[in-house]
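Understanding the architecture of this molecule
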Amino acid sequence: MLGSSIFQACLRTRPHSRLASARLWSLPARGYAATATATKPTDSTEDPAVKEYPVYELTEEDHKRLRFQRNIGVSAHIDSGKTTLTERILYYTGRIRDIHEVRGRDNVGAKMDSMELEREKGITIQSAATFCDWEATMPGTGEKDKYAINIIDTPGHVDFTIEVERALRVLDGAILVLCAVAGVQSQTTTVDRQMRRYNVPRISFINKMDRPGANPWRVINQIRHKLKISAAAVQVPIGVEDGLRGVVDLVRWKAIYNQGEKGNQIVESDEIPAEVMELAKEKRRELIEQLAEVDDEMGELLIMDEDPTTPQLVDAIRRATISLKFSPVFLGSAIKNTAVQPMLDGVCAYLPTPSESVVTAHDTSLPVSAPAVQLTPASAAPLVALAFKLEEGRFGQLTYMRVYQGTMRKGQFIYHARTGKKVKVPRLVRMHSNEMEDIQEIGPGEICAIFGIDCASGDTFTDGSSTFSMTSMFVPEPVISLALKPVGQETPNFSRALNRFQKEDPTFRVHIDKESKETIISGMGELHLEIYVERMKREYNVECTTGKPRVAFRETITQRADFFYTHKKQSGGAGQYARVIGFVEPMEMNEETGKDIEFVNQVMGGNIPSSYIPACEKGFYEALEKGSLSGNSVCGARLVLNDGLAHSVDSSELAFRLAIIGAFREIYNAAKPMILEPIMTVEVVAPSEFQSAVIGGLNQRRGTIVDSEVREDEFTAIAEVALNDMFGYSNHLRGITQGKGEFSMEYKTHQPVMPQVQAELEAAYKKTLGQPKK
């Protein structure tokens, strides 16, 4: 009998499930139904911000093209085999003639790792786009159909997390690659969070099934518990570790083997090997039970004790995957050329088409609070495209675009939504890693690149007939800084390189320190900054020396403090006069806006003219740039301006800006400020015999052990450690584990520093200020 929990799960109503299958037809009409109250004569009760938009139905041709279109990303933790998997996909789809390994002996390197540094280090630094065609076998019907797939291969290191962020922003689906031995790791969790942020459905691929200690069932359990998403295997391996020969497809109930040169021939058999028959039956039952928890139709079939047909099972997996409630899990080994093609069939069968992804834009002619407008991937609709990545190519700036609506043609004039500037599309290309193929036009749902357009990452382009703008992507704050100085005489290439890298990478920041006049670069980690310093040397011939890494400390206040401040300065002619009254108080992070600083204007009666309020706000943000404890920026503060006084002659914007800065600095100490430091989530993987040494090393660095897991011959420890204590840890870890340990870390939050550390930072900052003038 079924347990009560499964019974309730089966009966649970699921408002989105029926929508998913009808989404292809219903979305365009539904998207604009909400705005149907538009330009009718409005009375006082109707919202004047509601506007009517023309409805663009998808034509038969649009449906046919979009049905066979997939935009996918390949994301995972470091060294899970993303680039190796993408190399196999390109080989089996006929895009490349030979397979080259990431760290191959032929020194050619994988196709998607086109940068020299990537091939040297054996890591992916930049996301790379390509496209291919695949003749997929549909699991429901067994028919073969040709699909066009756009693929973006992304880096695994947390230092290059913006590359994953912007790839997932424009994709409709993703392959989450996991290692069959290590399972869910720290960066897997980060990628999962990014997929949820942009509502990207995913299929999971457990790679490295040929490794000793491979255990896919433990990994699937981790997906369910650590990533909090329902998941079940759609395949069972035939043979284990070195003996991996193929997989059993649980949906179509066939054994699948790879034969021929580099596994390019797929052999299917209705005969399931006897040694895996019981396991296959058990896992198929588990697949149906997992689906029943998230899908109504499967729940009803399970209650009636009926076995679902293959088309019913396929439809249920697709519905649950697209509605972000389930992830089908495929198994294989990219390096051994095993079971990659069935995973490609799964991409085509279970991931959404561009028309099934809900995409919204904001109408810039309406207030920010106005409802978002749904876009339709119709060729005849007005153009809306998003620039998601910039790259300096041989022929100038290369801008990667995702077309959401309408068609873009070579020679067409397009409009920059932010600046309103009109630009011509001089050259339109489709990318294949670092190679390009010229095209004349590109339709909705496609990814392309254009030359000769000056814009920033996250900008929207239209054809001028609409005022739509896409929401930009989430950009994490830098956590580490370095002082940078060119060796010898500074050349124009130094600033040229820094400007280019800043434009390409939103997480790479450059500023000049006001006191020391040094150039400071900030980024997501030591590797991130090290790569840019190396690229400056190779690409711009600018050799640089770097100072000691600096941690991005912050300051915050812990209690409310009231201010009553008068700024008065008299000189010849008009002077400066401004009085401001209000208070400063601590502020929690706002989940919706992602901000923890705010200026609130509560001035009544016009005591401060409204024209001076923006200057007050500007003064508050300027005061936050530098706290008086350590000279770092202040966060978690809200300033409320209640009252004030202005002079008819002497008051000005400058006076009120200086008054707010003076008031904030005067009462800053009364608000009990404290210094915050970045805390990192550190994951260490090492052989089991070094467990006590590793945990002892983390404890020495004031780390808090959050979780630890011991497997057959290795263990994983997850700890929260202050970034300031992590410098030099890689050498320390190599020393205590005989070079066998590895670690990764990512930013978690800012927390108050220890009292003695705060005293040291304050003393160091006071020294840099020098002696006050008498």
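Residues numbered from 1 in each chain as written. Predicted model: local features only at pLDDT ≥ 70, side-chain atom pairs only at ≥ 80, totals over all residues. Heavy atoms only, no water.

1. Things to note about the overall build of the protein chain
For the record, the criterion: Secondary structure counts use DSSP, requiring at least four H or I residues in a row for a helix and at least two E residues in a row for a strand, with both numbered from the N terminus. Radius of gyration means the value over C-alpha atoms here, while the globule rule gives 2.2 Å times the residue count to the 0.38 power. Residue exposure (1.4 Å probe, protein chains only): buried if accessible area is under 20% of the type maximum, exposed if over 50%, otherwise partly exposed. Contacts: residue pairs with any heavy atoms within 4.5 Å of one another. All accessible areas in this document rest on Shrake-Rupley with a 1.4 Å probe, and a residue is counted as covered only by the protein chains that are shown. In this tally Asp and Glu are treated as negative and Lys and Arg as positive; neither His nor the chain ends contributes. Where a charge lies is defined by one atom per residue type: Lys uses NZ, Arg uses CZ, Asp uses CG and Glu uses CD.
A tally of helices and strands in the protein chain yields 19 helices and 38 strands. In terms of overall size, the protein chain behaves like a compact globule, its C-alpha atoms giving a radius of gyration of 29 Å where 774 residues would be expected to give roughly 28 Å. Across the 774 residues in the protein chain, those meeting the buried criterion constitute 55%. Restricting to contacts in the protein chain with at least 6 residues of sequence separation, those with at least 24 account for 72%. Element-wise, carbon and sulfur atoms account for 50% of the exposed surface of the protein chain, whose accessible area totals about 34600 Å². One finds the centroid of the 91 positive side-chain charges in the protein chain at a distance of 5 Å from the centroid of its 103 negative side-chain charges.

2. Overview of the packing of helix α11 (residues 310-322) against helix α12 (residues 340-350)
In a packed pair of helices, the relevant descriptors are the angle between the two axes and the axis-to-axis distance. Applicable threshold: Every angle, taken between N-to-C directions, lies between 0 and 180 degrees, and every axis is a line fitted to C-alpha atoms, over only the stretch in contact when it is a helix. Comment on the angle field: the value is read as roughly parallel under 35 degrees, roughly antiparallel over 145, roughly perpendicular from 65 to 115, and oblique elsewhere. Under the convention adopted here, Pro, Cys and the residues Ala, Val, Leu, Ile, Met, Phe, Trp and Tyr are nonpolar, Asp, Glu, Lys and Arg are charged, and Gly plus all remaining residues are polar.
Packing of α11 against α12 leaves a shortest axis separation of 9 Å and a crossing angle of 75°. Taken together, the axis directions place α11 and α12 in an arrangement best described as roughly perpendicular. For the pair α11 and α12, contact is made by V314, I317, R318, T321 and I322 and by C348, A349 and Y350, respectively. A breakdown of the residues in the contact of α11 with α12 according to their chemical character gives six nonpolar, one polar and one charged.

3. Examining the sheet that holds strand β34 (residues 637-646)
How we decide: At least two bridges found by DSSP between two strands is the condition for calling them paired.
Here four strands make up an open sheet; going across it, the order is β31-β32-β34-β33 and the pairing mixed. Looking at the sheet topology across the chains shown, the edges are occupied by β31 (561-569) and β33 (597-601). Neighbour-to-neighbour, the strand axes of the sheet open up by a mean angle of 25°, direction not taken into account. When β31 meets strand β32 (residues 576-586), the two strands line up antiparallel, connected through nine bridges. By the bridge assignment, F564 is partnered in β32 with I581. The sheet contacts of helix α15 (residues 613-624) involve β33 and β34, and relative to β33 the element is tilted by about 155°. Helix α16 (residues 653-667) contacts β31, β32 and β34 of the sheet and is inclined by roughly 40° relative to β32.

4. A short note on the packing of helix α17 (residues 691-700) against helix α18 (residues 729-736)
Just so we agree on the cut-off: Left-handed describes a crossing in which the near helix is turned anticlockwise from the far one by less than a right angle; the clockwise case is right-handed.
Viewed as axis vectors pointing N to C, α17 and α18 meet at an angle of 150°, and their least axial separation amounts to 10 Å. Relative to α18, α17 is oriented roughly antiparallel. Pair α17 / α18 crosses with right-handed handedness. Note on element contacts: α18 touches α17 through Y729, H732, L733 and I736, opposite A693, V694, G697, L698 and Q700.

5. Regarding the pairing of strand β25 (residues 480-486)
Buried residues dominate β25, accounting for six of its seven residues. Across five bridges, the pairing between β25 and strand β27 (residues 519-523) is antiparallel. Bridging across to β27, I480 finds its partner in G523. Bridging between β25 and strand β29 (residues 550-551) involves two bridges; their strand directions are antiparallel.

6. Some thoughts on the packing of aromatic side chains
Cut-off, in case you're wondering: Two rings belonging to Phe, Tyr or Trp (six-membered ring only in the last case) form a pair when the distance between their centres is within 6.5 Å. Interplanar angles under 30 degrees mark stacking, angles over 60 mark edge-to-face geometry, and anything in between is tilted. Look at NZ for Lys and CZ for Arg. If either is within 6 Å of the ring centre and within 35 degrees of the ring normal, a charge sits over the ring.
This structure, assessed with the given rule, holds 14 aromatic pairs. Geometrically, the ring pair formed by F501 and Y532 is tilted, given 4.8 Å between the ring centres and 45° between the ring planes. Placement of F501 in helix α13 (residues 492-504) and of Y532 in helix α14 (residues 526-540) is noted, with a sequence separation of 31 residues between them. Three or more aromatic residues joined by ring pairs form one cluster here, namely F599, F620, Y621, F664 and Y668. Cation over ring: R95 sits above F131, and NZ or CZ is 4.3 Å from the ring centre.

7. Here we look at unusual backbone geometry
Backbone geometry places N337, a non-glycine residue, at a positive phi of 55°. Tracing the sequence through the fold places N337 in the loop between β11 (326-331) and α12. Phi at N541 is positive, roughly 60°, even though this residue is not glycine.

8. Some points on the pattern of salt bridges
Where side chains of opposite charge bring their charged atoms close, a pairing between them can arise. Spelled out, the test is: We define a salt bridge as a side-chain nitrogen of Lys or Arg found within 4 Å of a carboxyl oxygen belonging to Asp or Glu.
Counted according to the given criterion, the structure contains 37 salt bridges. Between R166 and E163 there is a salt bridge, and its shortest N-O distance comes to 2.9 Å. Of the two residues, R166 and E163 are both situated in helix α6 (residues 161-170); the distance of three residues between them amounts to about one turn of the helix. The same class applies to R166 as to E163, namely buried. E504 is the partner of R535 in a salt bridge, and the nearest nitrogen-oxygen pair spans 3.9 Å. One end of the pair, R535, is in helix α14; the other, E504, is in helix α13, and 31 residues separate them in sequence. Per residue, the accessibility class of R535 equals that of E504, and both read buried.

9. As for the nonpolar core
Selection rule: Buried residues of nine kinds, namely Ala, Val, Leu, Ile, Met, Phe, Trp, Tyr and Cys, make up a nonpolar core once their side-chain atoms join them within 4.5 Å.
Of all hydrophobic cores here, the largest spans 69 residues; its most connected members are M536, V580, L641 and V694. Of the residues forming this core, the biggest block, eight residues, is contributed by α16. Leave out the neighbours within four places in its chain, and M536 touches L484, F494, A497, L498, F501, N541, V542 and C544. Judged by nonpolar contacts, the second largest core, of 49 residues, contains I151, I288, L291 and L351.

10. Re the side chain of D145
Secondary-structure assignment places D145 in strand β3 (residues 144-153). Buried D145, no salt bridge; nearest opposite-charge side chain is R67, N-O distance 4.4 Å. Discounting chain neighbours no more than four positions away, the residues touching D145 are R67, F68, W134, E135, A136 and M138.

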